[in-house]
Amino acid sequence: MALTLVDYLILVVYFVFVIGIGWLLHRRVSTSEDFLTSARSVPVWITSLAFVATNLGAQELIGMCASGAKYGIMTSHFYWVGAIPAMLFVGVFMMPFYYGSKARSVPEYLKMRYDEKTRAFNAISFAVMTLFSSGISMYALGLLFQLVLGWSFTASVLLSALIVLVYTFLGGLTSAIYNEVLQFFLIVVGFAPLSILAVAKAGGWQGMASRLPAVMTSSWRHMAHPSDNPMGVEVFGLVMGLGFVLSFGYWCTNYLVVQRAMAADSMSGARLTPIIGAFPKMLLPFIVIVPGIAAMALMKMNLGYELPVKGDSYNYDLALTTLMAQFYPSGLLGVGLTGLMASFMSGMAGNVTAFNTVWTYDIYQSYIRKGAPDSHYLWVGRMTTVVGVALSIGAAYLATLYNNIMDLLQLVFSFVNAPLFATFLLGMFWKRATGHGAFTGLVAGTTTAALTHGLTIAEGKGAWLGNLHEFPSTMAQNFWIALLAWTACFVVTVMVSFVSRPKPAAELKALVYGLTELPREEGVKWYRRPGLVALIAGALCVLLNFLFW
């Protein structure tokens, strides 16, 4: 893959725009809330696209294309089962509590609903998770620089870290959100042509289907038994592990994405943010997954295209970049690389801004230095950017042990988000849940996740305590880890809550369903009504599942 002057110019223009947006918006940052929460001032169309773009990092572009090559169209379940229902649920049912409670972060909501120790547990585990996630983003772009520029992995990681450090240090959350909108459009423009070119070269959808096993082009038809599909899961494991636990755990409780909705300028905007974002989200598989499927078909056509080998399998993480080298001419290659750069900056900045807020408000202000002037917390927020990026570099090297970074990412989510969703579900919809129950449940859920991973094995990973069961794939292992962790947290929270004292109902207003007056939708234009817009989005998602059955 050789870059020309035109390609470099496109990248330079993008860098100028990104840094320029950060420089212009940094003048609006005068308090810690401006830097860390945007002071709830962002319009809904901005927050909606940012909500999607935050999750559209380099690890999703490279990882989902890799999963498309490894698992086929079944990877679409991460969108049509593992994202859209949860996005609609958080918008309709959960945002009234997040936004209405006036909490500055998800851990702070947990403090208000439960107690201090529950907030502390979530804040620390979330901080660790964001470092892993940002490290995976850094690893993904490191692979890109290594392939395109021929640099060493270390040099690539350090350069990418420096870019993100400058970007996020300038304008905080507001700068990140506005840049994420720009990055969303760049990603679509950069990778839609690749999908079209790769699929056309492979003979269209029917041509790909004729060259690949039937399971690669069917999303549901081969899920009666784990041995029938490359993902190694059955319907129950997929729907409950991914569609319920992992999906709702991520989209409904992960502050990384919820933060965008909480930055909206109104309650209506906060609720509509994930719902409007569901429309572009459900179309992304055609841009990020289908090229990976096309790559496997192209290898069977003797055209000179091959995926590099890694261990006993292919290095699926290189599917996207090798396709770009194969199909993109000068100029278009620059656009594609700019799209990849945009995806990296979007995902990385999202992790860093969320980490900044949780560390500054939920850890530093709560336990290290209380009552300091606001200017001090603004300074801490900026310095946390530097520390967070530095720690993410170490996480980037852990990702090198996996041939599909989405497998690693889902493992991290199964440890953190899966039990957390049980905590939120009980906290928002059952007033009897107590702080002691929530904390004990989170500990039990995380411990169950660790034991399940330590006692099972998949593709040579896990079983560090002993081998009681072998899963056909790491993805199947992740789904069951998540399901068992959620179940343990749910059961233990309920049991302990019944033998401990709950908070008085007066302290739970705006925090729990039944004690909170939900926003009324009567007399509001249809496109401003979260329930109706969510119903339309849900119907379109069901249609897509049937079309690719």
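Per chain, residues are indexed from 1 in the order of the written sequence. Where local features are concerned, this predicted model is filtered to residues with pLDDT of at least 70; where side-chain atom pairs are given and counted, the filter is 80 or more; whole-chain, interface and lining totals use all residues. Note that water and hydrogens are dropped before the side-chain values are worked out from all heavy atoms of the structure.

## Here's the deal with the overall build of the chain
Here is step 1: Tallying secondary structure elements over the chain gives 22 helices and five strands in all.
Here is step 2: Its C-alpha atoms give the chain a radius of gyration of 22 Å, near enough to 24 Å, the size a compact globule of 549 residues would have.
Here is step 3: Across its three principal axes, the chain shows a C-alpha extent of roughly 70 × 55 × 55 Å.
Here is step 4: Burial statistics for the chain: of 549 residues in total, 61% are counted as buried.
Here is step 5: For this analysis, residues touch if any pair of their heavy atoms sits within 4.5 Å. Of the contacts formed within the chain by residues at least 6 apart in sequence, a portion of 81% connects residues at least 24 apart.
Here is step 6: Here the open area of atoms and residues is found with the Shrake-Rupley method and a 1.4 Å probe, where only the protein chains shown may cover a residue. Carbon and sulfur atoms provide 69% of the accessible area of the chain, an area that totals close to 19500 Å².
Here is step 7: In this tally Asp and Glu are treated as negative and Lys and Arg as positive; neither His nor the chain ends contributes. Note that the charge is assigned to NZ on lysines, CZ on arginines, CG on aspartates and CD on glutamates. Put simply, the chain has 31 plus and 23 minus side-chain charges, and the middle of one group is 7 Å from the middle of the other. To qualify as a helix, a DSSP run of H or I must reach at least 4 residues; to qualify as a strand, a run of E must reach at least 2; elements of each kind are numbered from the N terminus. The globule rule used here is 2.2 Å times the number of residues to the 0.38 power, and the radius of gyration it is set against is calculated over C-alpha atoms. In this scheme, a residue with accessible area under 20% of its type's maximum is buried, one over 50% is exposed, and one in between is partly exposed, where area comes from a 1.4 Å probe on protein chains only.

## Looking at a nonpolar patch on the surface
Here is step 1: Grouping into patches uses exposed residues only, defined as over 30% relative accessible area, and leaves out salt-bridged ones; the cut-off is 9 Å for like charges and 5 Å for nonpolar side chains (Val, Leu, Ile, Met, Phe, Trp, Tyr). Salt bridge, as used here, is a side-chain nitrogen of Lys or Arg placed within 4 Å of a carboxyl oxygen of Asp or Glu. On the surface, Trp 526, Tyr 527, Leu 532, Leu 535, Ile 536, Leu 540, Leu 543 and Leu 547 cluster together into a nonpolar patch covering about 800 Å² of accessible area.
Here is step 2: Within the fold, Ile 536 resides in helix α22 (residues 530-547).

## Quick look at the packing of aromatic side chains
Here is step 1: Side-chain rings of Phe, Tyr and Trp (the six-membered ring for Trp) are treated as a pair once their centres are within 6.5 Å; stacked means planes under 30 degrees apart, edge-to-face means over 60, and tilted covers the remaining angles. A complete count under the given rule lists 30 aromatic pairs for this structure.
Here is step 2: Relative to Phe 490, the ring of Trp 486 has its centre 5.0 Å away and its plane inclined at 25°; by these criteria the two rings are stacked. You can see Trp 486 and its partner Phe 490 sitting in helix α21 (residues 474-498), four residues apart, about one turn around the helix.
Here is step 3: Residue classification places Trp 486 among the buried residues on the basis of a relative accessible area of 12%.

## Examining the pattern of salt bridges
Here is step 1: Scanning the entire structure with this criterion turns up seven salt bridges.
Here is step 2: In this structure, the salt-bridge partner of Lys 111 is Glu 116, at a minimum N-O distance of 3.8 Å.
Here is step 3: You can call Lys 111 partly exposed: its relative accessible area is 35%.
Here is step 4: Classification of Glu 116 as partly exposed rests on a relative accessible area of 30%.

## Some words on unusual backbone geometry
Here is step 1: A positive phi is found at Glu 459, a non-glycine position, where the angle reads about 55°.
Here is step 2: Checked against the element boundaries, Glu 459 lands in the loop between β3 (456-458) and β4 (461-462).
Here is step 3: Accessibility expressed as a relative area gives 34% for Glu 459, which makes it partly exposed.
Here is step 4: With phi around 55°, Ala 463 is a residue other than glycine that occupies positive phi space.
Here is step 5: Along the chain, Ala 463 turns up in the loop between β4 and β5 (469-470).

## Focus on the state of the cysteines
Here is step 1: Any cysteine sulfur atom paired with another within 2.5 Å is treated as part of a disulfide. Evaluation of the coordinates by the stated rule reveals zero disulfides.
Here is step 2: With no disulfide partner, Cys 252 has as its closest neighbouring cysteine sulfur the one in Cys 541, 14 Å distant.

## Topic: the side chain of Ser 125
Here is step 1: Looking at the secondary structure, you find Ser 125 in helix α8 (residues 116-149).
Here is step 2: Judged by relative accessible area, Ser 125 falls into the buried class, the value being 18%.
Here is step 3: In the analysis that follows, any N or O atom pair within 3.5 Å is treated as a polar contact, provided that within protein one partner can donate a hydrogen and the other can accept it, and provided that, for residues neighboring in sequence, both atoms belong to side chains. Within the structure, the side chain of Ser 125 is placed 3.1 Å from the backbone oxygen of Asn 122, a separation counted as a polar contact.

## Here's the deal with the sheet that holds β4
Here is step 1: Overall, mixed pairing links the three strands, which are arranged β4-β3-β5 in an open sheet. Both edges of this open sheet fall to β4 and β5, since each of them pairs with a single strand only.
Here is step 2: Two strands qualify as a pair provided that DSSP identifies no fewer than 2 bridges between them. When β3 meets β5, the two strands line up parallel, connected through two bridges. Looking at β5, one finds that Thr 456 is bridged to His 469.
Here is step 3: Comment: axis = line fitted to C-alpha atoms, over the contacting stretch for helices; angle = value between 0 and 180 degrees taken between N-to-C directions. On top of the sheet, α21 reaches β3 and β4; it is set at about 145° to β3, its chief contact.

## Here's the deal with the packing of helix α9 (residues 153-201) against helix α18 (residues 374-398)
A pair of packed helices is characterised by two quantities: the angle between their axes and the separation of those axes.
Here is step 1: Relative to each other, α9 and α18 sit at 155°, their axes nearing to 10 Å. The orientation of α9 with respect to α18, classified from their angle, is roughly antiparallel. Of the two elements, α9 crosses α18, and the hand of that crossing is right-handed. Mapping the contact onto sequence places Phe 153, Thr 154, Val 157, Leu 158, Ala 161, Val 164, Leu 165, Thr 168, Phe 169 and Leu 170 in α9 and Arg 382, Met 383, Thr 385, Val 386, Val 389, Ile 393, Ala 396 and Tyr 397 in α18.
Here is step 2: For this scheme, ten residues count as nonpolar: Ala, Val, Leu, Ile, Met, Phe, Trp, Tyr, Cys and Pro. Four count as charged, namely Asp, Glu, Lys and Arg, and the remainder, Gly too, count as polar. Partitioned by chemical class, the residues of the contact of α9 with α18 number 14 nonpolar, three polar and one charged. Reported orientations rely on four angle classes, namely roughly parallel under 35 degrees, roughly antiparallel over 145, roughly perpendicular from 65 to 115, and oblique for the rest. Each helix crossing is assigned a hand: it is left-handed if the near helix lies turned anticlockwise from the far helix by less than a right angle, otherwise right-handed if that turn is clockwise.

## Re helix α11 (residues 235-253)
Here is step 1: Of all bends in α11, the biggest is about 35°, found at Ser 247.
Here is step 2: Across the 19 residues of α11, 14 count as buried, placing the element largely inside the fold. Fitting axes to the seven residues ending at a residue and to the seven starting there, one defines the bend at that residue as the angle between these axes.

## Side note on the environment of Ile 276
Here is step 1: Relative to the helices and strands, Ile 276 is located in helix α13 (residues 267-281).
Here is step 2: Placed 261 residues apart in sequence, Ile 276 and Ala 537 show a C-alpha to C-alpha distance of 8.3 Å.
Here is step 3: For Ile 276, the contacting residues outside a window of four places in its chain are Val 44 and Ser 48.

## A word on the packing of helix α3 (residues 44-54) against α9
Here is step 1: Remark: α3 packs on α9, axes separated minimally by 8 Å, with the N-to-C direction vectors making an angle of 70°. On the basis of their axis angle, the class for α3 and α9 is roughly perpendicular. Between α3 and α9 lies a crossing of left-handed hand. On α9, the residues that touch Trp 45, Ile 46, Leu 49, Ala 50, Val 52, Ala 53 and Thr 54 of α3 are Ile 177, Tyr 178, Glu 180, Val 181, Phe 184 and Phe 185.
Here is step 2: Taken together, the residues that form the contact of α3 with α9 break down as eleven nonpolar, one polar and one charged.

## Overview of the environment of Gly 249
Here is step 1: Position of Gly 249 relative to the elements: it lies in helix α11.
Here is step 2: On a C-alpha basis, the gap between Gly 249 and Phe 424 in space is 8.9 Å, while along the polypeptide they are 175 residues apart.
Here is step 3: In this structure, Gly 249 is in contact with Phe 244, Asn 254, Asn 417 and Phe 421, ignoring residues within four places of it in sequence.

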